[in-house]
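Chain by chain, the residues:
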Amino acid sequence: MKDPVTVATGITYDRESIEKWLFSRKNNTCPVTKQVLSTDCCELTPNHTVRRLIQSWCTLNASYGIERIPTPKPPINKAQISKLIRDAKSSPQLQVKCLRSLRSIASENDTNKRCFEAAGAVEFLASIVMKESNGDGFDFTRLSDEALSILCNLQLSDIGLKNLMNKNVGFIESLTQIMQRGTFESRAYAVLLLKSMLEVADPIHLINLSPQFFIEIIQILRDQISHQASKAALQSLINLLPWGRNRVKAVEASAVSILIDLLLEKSERRDCELMLMTIDFLCQCAEGRAELLKHGAGMAILSKKILRVSQVASERAVRILLSISKFSATPGVLQEMLQIGVVAKLCLVLQVDCSNKTKDKAREILKNHARAWKNSPCIPNSLVVSYPVA
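Model, not experiment: these values are computed from the prediction.

Colleague: Please set out the overall build of the protein chain residue by residue, giving values where relevant.
Modeller: Each helix and strand in the protein chain was counted, giving 24 helices and three strands. Whereas a compact globule of 390 residues would reach a radius of gyration of roughly 21 Å, the protein chain reaches 27 Å, over 25% beyond that. In terms of overall dimensions, the protein chain has a C-alpha envelope of 85 × 55 × 35 Å along the principal axes. Within the protein chain, buried positions represent 51% of all 390 residues. Put simply, of all contacts in the protein chain between residues at least 6 apart along the chain, 67% involve residues at least 24 apart. Here the protein chain displays about 18800 Å² of accessible surface, and carbon together with sulfur accounts for 51% of that area. Taking the average place of the 50 positive charges on the side chains of the protein chain and the average place of its 38 negative ones, the gap between the two points comes to 4 Å.

Colleague: How would you explain the pattern of salt bridges if you had to name every residue and give the values?
Modeller: Per the stated rule, a full pass over the model turns up 16 salt bridges. One salt bridge connects Asp 87 with Lys 83, and the closest N-O pair in it is separated by 3.1 Å. Of the two residues, Asp 87 and Lys 83 both sit in helix α3 (residues 78–90), four residues apart, roughly one turn of that helix. Residue class for Asp 87 comes out partly exposed when judged on its relative accessible area of 24%. Beyond isolated ion pairs, a larger network of salt bridges with shared partners links Asp 3, Arg 15 and Glu 19.

Colleague: Outline the packing of helix α21 (residues 342–351) against helix α22 (residues 356–368), listing residues and values.
Modeller: Following both chains from N to C, one finds α21 and α22 inclined at 135°, their axes separated by 9 Å at the closest point. With respect to α22, the element α21 is oriented oblique. Relative to α22, α21 is oriented so that their crossing is left-handed. Together, Val 343, Leu 346, Cys 347, Val 349 and Leu 350 of α21 and Thr 358, Lys 359, Ala 362, Arg 363, Ile 365 and Leu 366 of α22 make up the contact between the two elements. Class assignment for the residues of the contact of α21 with α22 results in eight nonpolar, one polar and two charged.

Colleague: Explain the nonpolar core to me, and be specific about the residues and the numbers.
Modeller: Residues Phe 171, Leu 175, Phe 213 and Leu 292 are the most contacted members of the largest nonpolar core, which totals 119 residues. At ten residues, the largest contribution of residues to this core is made by helix α10 (residues 184–200). Aside from chain neighbours lying at most four places away, what touches Leu 175 is Val 129, Leu 148, Ala 190, Leu 193, Leu 194 and Met 197. By size, the runner-up hydrophobic cluster in this structure holds nine residues, among which are Val 5, Val 7, Phe 23 and Leu 37.

Colleague: Outline the environment of Tyr 189, supporting the account with residue identities and numerical values.
Modeller: Inspection of the secondary structure puts Tyr 189 in helix α10. When the C-alpha positions of Tyr 189 and Arg 308 are compared, they lie 33 Å apart, and in sequence the two are 119 residues distant.

Colleague: Account for the sheet that holds strand β1 (residues 4–6), naming residues and giving values.
Modeller: One open sheet holds the three strands; their spatial order is β2-β1-β3, and the pairing between them is antiparallel. The open sheet has two edge strands with one neighbour each: β2 (12–14) and β3 (45–46). Those strands touched by helix α1 (residues 15–24) are β1, β2 and β3, and its axis lies near 90° from that of β2.

Colleague: How would you explain the packing of helix α8 (residues 158–166) against α10 if you had to name every residue and give the values?
Modeller: Where α8 contacts α10, the two axes come as close as 9 Å, and the packing angle between them is 100°. One way to sum up the angle between α8 and α10 is to call them roughly perpendicular. Taken together, the residues of α10 that come into contact with α8 (itself represented by Asp 158, Leu 161, Lys 162, Leu 164 and Met 165) are Leu 193, Ser 196, Met 197 and Val 200. Per-class residue counts for the contact of α8 with α10 are six nonpolar, one polar and two charged.

Colleague: How would you summarise the side chain of Ser 355 if you had to cite specific residues and measurements?
Modeller: Relative to the helices and strands, Ser 355 is located in the loop between α21 and α22. Residue Ser 355 is classed as buried on the basis of its relative accessible area, which comes to 19%. Apart from residues no more than four positions distant in its own chain, Ser 355 is found in contact with Gln 311 and Glu 315.

Colleague: Account for the state of the cysteines, with residues named and values stated.
Modeller: Within this structure, the stated rule accounts for zero disulfides. Looking at Cys 98, it has no disulfide partner, and the nearest cysteine sulfur is the one in Cys 115, 18 Å off.

Colleague: Please give an account of the environment of Leu 234 that cites residues and values.
Modeller: Summarising the element assignment, Leu 234 is placed in helix α13 (residues 227–240). Separated by 17 residues in the primary sequence, Leu 234 and Ile 217 place their C-alpha atoms 8.7 Å from one another. Excluding residues within four positions of it along the chain, Leu 234 makes contact with Leu 221, Leu 259, Leu 274, Met 275 and Thr 278.

Colleague: Can you tell me about a nonpolar patch on the surface, naming the residues and giving the values?
Modeller: On the surface, Trp 57, Tyr 64 and Ile 66 cluster together to form a nonpolar patch covering roughly 370 Å² of accessible area. Looking at where Ile 66 falls in the secondary structure, it is placed in the loop between α2 (48–60) and α3. Residue classification places Ile 66 among the partly exposed residues on the basis of a relative accessible area of 31%.

Reading guide: rules and limits
- Residues numbered from 1 in each chain as written.
- Predicted model: local features only at pLDDT ≥ 70, side-chain atom pairs only at ≥ 80, totals over all residues.
- Heavy atoms only, no water.
- Helix = DSSP H or I, 4+ residues; strand = E, 2+ residues; numbered from the N terminus.
- Rg over C-alpha atoms; globule rule 2.2 N^0.38 Å.
- Buried < 20%, exposed > 50% of the residue type's maximum accessible area, 1.4 Å probe, protein only.
- Contact = heavy atoms within 4.5 Å.
- Areas by Shrake-Rupley, 256 points an atom, 1.4 Å probe, with all protein chains shown as cover.
- Lys, Arg positive; Asp, Glu negative; His and termini not counted.
- Charge placed at Lys NZ, Arg CZ, Asp CG, Glu CD.
- Salt bridge = Lys/Arg side-chain N within 4 Å of Asp/Glu carboxyl O.
- Axes fitted to C-alpha atoms, helices over the stretch in contact; angles between N-to-C directions.
- Parallel < 35°, antiparallel > 145°, perpendicular 65-115°, else oblique.
- Left-handed = near helix turned anticlockwise from the far one by under 90°.
- Nonpolar A, V, L, I, M, F, W, Y, C, P; charged D, E, K, R; others polar.
- Core = buried A, V, L, I, M, F, W, Y, C linked by side-chain atoms within 4.5 Å.
- Pairing = 2+ DSSP bridges.
- Disulfide = S-S within 2.5 Å.
- Patch = residues over 30% accessible without salt bridge, like charges linked within 9 Å, V, L, I, M, F, W, Y side chains within 5 Å.

Printed below as a string of structure tokens:
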């Protein structure tokens with residue numbers, strides 16, 4: 001142990017270990033007694049007696065190379081956080097200074113982060129974001145950046161994230177405004193926080209998002225302000241697209257064309273997988289398929305990514321082609337698939353080592369359009385032999 005603390009059951013643990021047990025692994029019991037513990041992490045009480053015994057032992061054994069552990073800095077308590085919040089509320093001139101103090105405290109350890117939730121700091125920070133998102137100028141940038149950075153770094157619990165949405169009506173709209181006109185930094189903070197919120201949101205929040213929300217989150221992808229922000233935007237879309245009319249809203253915000261353009265540039269495995277997964281969801285509606293077919297490189301980039309990125313990417317690309325072949329297979333589309341090498345690539349899928357799911361989908365596409373494709377000179381002889389019998 002380096003920082004022994006006692007929980008409500010009277011059992012002493014090392015702070016880092018018990019915090020990992022309670023917060024990272026989201027357990028709510030004492031590991032020894034199995035009794036349910038309060039979620040208020042401020043109830044982890046430093047055990048000074050055990051800590052002094054450990055330090056004394058280290059000192060006595062210094063000749064054996066044992067280093068004395070330093071006295072840990074005491075964690076913040078709710079009263080201290082509450083005082084900072086009161087100071088910030090009482091004096092607008094002190095707000096930036098108080099926010100920076102809060103950010104410094106939150107960065108020290110997980111205990112401090114959990115105490116923020118218990119002390120009501122989350123609601124205070126959200127109120128600043130909502131107020132300042134309607135402001136303008138330098139103060140707006142400083143305050144919103146500070147408040148958003150703290151909210152992102154707090155790594156709020158699921159309950160804390162839900163309360164953030166349920167107790168602060170209009171908060172998502174405020175984040176949308178920040179994505180629209182904030183700095184690159186504040187826009188990144190906004191999308192990262194949104195990603196965490198949407199993962200635990202109730203369906204009512206997911207189906208009532210405005211078209212402007214989709215415009216702004218897709219603009220984050222277009223601008224490529226940071227790899228982390230782009231990944232968060234993609235993961236947010238993947239969580240949102242199965243709900244309501246979100247697919248259509250995203251298509252109308254030019255999601256399909258932007259994702260295809262990005263696929264033309266990107267080669268990183270995880271990036272390609274997320275983008276193909278998002279396009280797969282979008283192509284489950286007619287509007288999404290129409291946008292993909294309208295893009296000059298739409299089907300060509302899908303074909304290119306098959307067997308070149310990963311099995312996950314190959315399966316997603318073939319799934320998209322299956323949607324096209326089932327619901328949008330005009331004679332012109334079938335001819336384009338033949339000419340740009342999509343059909344040949346599907347035949348190759350049947351010959352190489354890839355997942356059975358991917359092979360089954362490729363086989364289904366080829367069987368469904370055997371009359372149009374099977375005898376075409378566009379398919380190399382080495383691949384024709386693998387063409388499935390209709």
